[in-house]
Amino acid sequence: MIYRFTRGEGQAGIHSLSDGASLSWKPAPGPQTKGKAKVCWSSALIIPSAPVASSSPPAGQPRNCSRTGWGPERGADISNPLSFGCSTYCRLATPPRRQRAMARVLIVGAGLTGSLCAALLRKAATRPLHLAVWDKAGDSGGRMTTASSPHNPQSTVDLGAQYITCTPHYAKEHQSFYDELLAPGVLKPLTSPIEGMVIKEGDCNFVAPHGVSSIINHYLKESGADVYFRQCVTQINLRNDKWEVLRETGSPEQFDIAVLTMPAPQILQLQGDIVNFYFLRIIRSTLLLTDVSPKVISECQRQQLESVSYSSRYALGLFYEAGTKIDVPWAGQYITSNPCIRFISIDNKKRNIESSEIGPSLVIHTTVSFGVTYLEHSTEDVQELIFQQLENILPGLPQPVATKCQKWRHSQFAKDLHVDNSKRTSLVTNAAANSPGQMTLHLKPFLVCGGDGFTQSNFDGCITSALCVLEALKDHI
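Quick caveat: nothing in here was measured; it's all calculated off a predicted structure.

Novice: Before we go on, may I ask you to explain helix H4 (residues 175–182) in this structure?
Specialist: In an α-helix there are 3.6 residues to a turn, and that puts residues three or four apart on one side. Restricting attention to buried positions, one finds in H4 the residues Phe177, Tyr178 and Leu181. Buried positions in H4, seen along its axis, are confined to an arc of 95° and lie on one side of it. Turning to H4, the residues buried within the fold contact helix H2 (112–124), strand S11 (164–166), helix H3 (168–173), strand S14 (204–207), helix H5 (213–223) and helix H13 (459–473).

Right, dumping it as structure tokens:
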């Protein structure tokens, strides 16, 4: 290897090392320094005439290193070549390992799967990653969102998932995930009474004391990702072996890897080059159909994405003044005899939070049939209809100080809400076939889809999907 040692006053020289090895140096171009020499990476010629391993230090020099090879000690004056020792030579003769370039990774969707993917990718990365999470909503959570009262941010309601059920199987398979959330109190056992809830043997129910969105915020914090809200992705194009992602507002950005975790219908609405990759350039190895024409493969994948179907619901959050009393013996109740309302929760009571400074909060989830019937109606009209039905179930409720009506067009609540293990707001009635956990759309650069629409519609389904996305990307991060 060639290294340059620049001496003061532009001098050059050569010194013979032991066993016939020699070292020559000459002035480096540019300004010279006086006094002790500078060391630059690009010059001095080390010319061993015998194996370096057999060389010994020049006469009279201390044997201060067991490593082989001799060169200038740190801080040595090159004008006195006899001060050469082995440590600096070893340092110079071994160029620093070139680090892999930082990869820019975009995760679209700040829900449970997206936040989990960000956290898992950060932990597994073997090179620097720039993680960005974009979501079209104004806050994190996705279908595990928590809304706050405009009058008191401590008064909240879970408009999406209500509580999480862990089955014995997943208690073992995903134990580390549950432990991670239970240790800091992100999750706690559900002890409040929920009327009409069916409990299977061995199941454990958990509630998030600070709202279910705290689960997502936990993973986003662990990931260290840059999170941006109100970022609605519209197009994805291939530019110079990178994904150029366009959004409704803001300039396009390029990424080395893109992970899409929004609902399948929203993925199918994306424009740009990505459309061609859905339907013309599907990765054949994904479906193991190497002998089939691209058109047939594209049709197969189109059918997979389109087969992911969702039911729709509304959720209405009600916030009350501090001191308001709602005198019922339960924290949550499943309703079976109302055409509009399926579930009611007194959220602060569900979480065992009682405070004289925070008023109670209620959340009402509608039935699937009501949601489908009034899907295209205004939220104001729907809210009024829910109030009318609520009066039949809980007559005499005081007037709330604030409300929040949420339409879940692509949401996931089970057909039988009381047995769904994540208590989502709507149902994935069919998951994508032949794509367990994730769907890889393109390899170089990587484009992958994930979410509970590719597994099962519950909390553990999102964990499974995130792990599958990680498995697909692990050799590229």
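Novice: In this structure, what is going on with unusual backbone geometry? I would like to understand it.
Specialist: Excluding glycine, most residues fall at negative phi; most peptide bonds, likewise, are trans. Cis geometry is found at the peptide bond from lysine 444 to proline 445, where omega equals 0°. Tracing the sequence through the fold places proline 445 in the loop between strand S26 (438–442) and strand S27 (446–450). You will see that aspartate 241, though not glycine, has its phi angle at about 60°, which is positive. Within the fold, aspartate 241 resides in the loop between strand S16 (233–239) and strand S17 (242–247).

Novice: I keep staring at the sheet that holds strand S18 (residues 253–255) and nothing clicks. Help me out?
Specialist: Pairing between sheet strands relies on hydrogen bonds along the backbone, with the strands arranged either parallel or antiparallel. The strand order across the open sheet formed by 3 strands is S16-S17-S18, and the pairing between neighbours is antiparallel. Two strands lie at the open edges of the sheet, namely S16 and S18, each paired on one side alone. Across the sheet, the mean angle separating the axes of adjacent strands is 30° when strand polarity is ignored. As judged from the 6 bridges shared by S16 and S17, these two strands associate in the antiparallel manner. Counted as the bridge partner of arginine 239 is lysine 242 from S17.

Novice: Looking at this structure, I do not really get the side chain of serine 361. What am I missing?
Specialist: Mapped onto the fold, serine 361 is located in strand S23 (residues 361–366). Within the structure, serine 361 has its side chain in polar contact with the backbone oxygen of threonine 156 (distance 2.8 Å).

Novice: How should the environment of proline 128 be read in this particular structure?
Specialist: One can find proline 128 in the loop between H2 and strand S8 (129–135). When the C-alpha atoms of proline 128 and arginine 104 are compared, they prove to be 9.0 Å apart, with 24 residues separating the residues in sequence.

Novice: For this particular structure, what's the right way to read the side chain of threonine 146?
Specialist: Residue placement: threonine 146 occurs in strand S9 (residues 146–148). Of note is the side chain of threonine 146, whose polar atom sits 2.8 Å from the side chain of aspartate 158. Within polar-contact distance, the side chain of threonine 146 engages the backbone nitrogen of valine 212 at 3.2 Å. Threonine 146 has contacts with Thr156, Val157, Asp158, Gly211, Val212, Ser213 and Arg351, leaving out every residue within four places of it along the chain.

The rules behind these values
Residues numbered from 1 in each chain as written. Predicted model: local features only at pLDDT ≥ 70, side-chain atom pairs only at ≥ 80, totals over all residues. Heavy atoms only, no water. Buried < 20%, exposed > 50% of the residue type's maximum accessible area, 1.4 Å probe, protein only. Helix = DSSP H or I, 4+ residues; strand = E, 2+ residues; numbered from the N terminus. Arc of directions from axis to C-beta. Contact = heavy atoms within 4.5 Å. Pairing = 2+ DSSP bridges. Axes fitted to C-alpha atoms, helices over the stretch in contact; angles between N-to-C directions. Polar contact = N/O pair within 3.5 Å; in protein donor to acceptor, adjacent residues only side chain to side chain.

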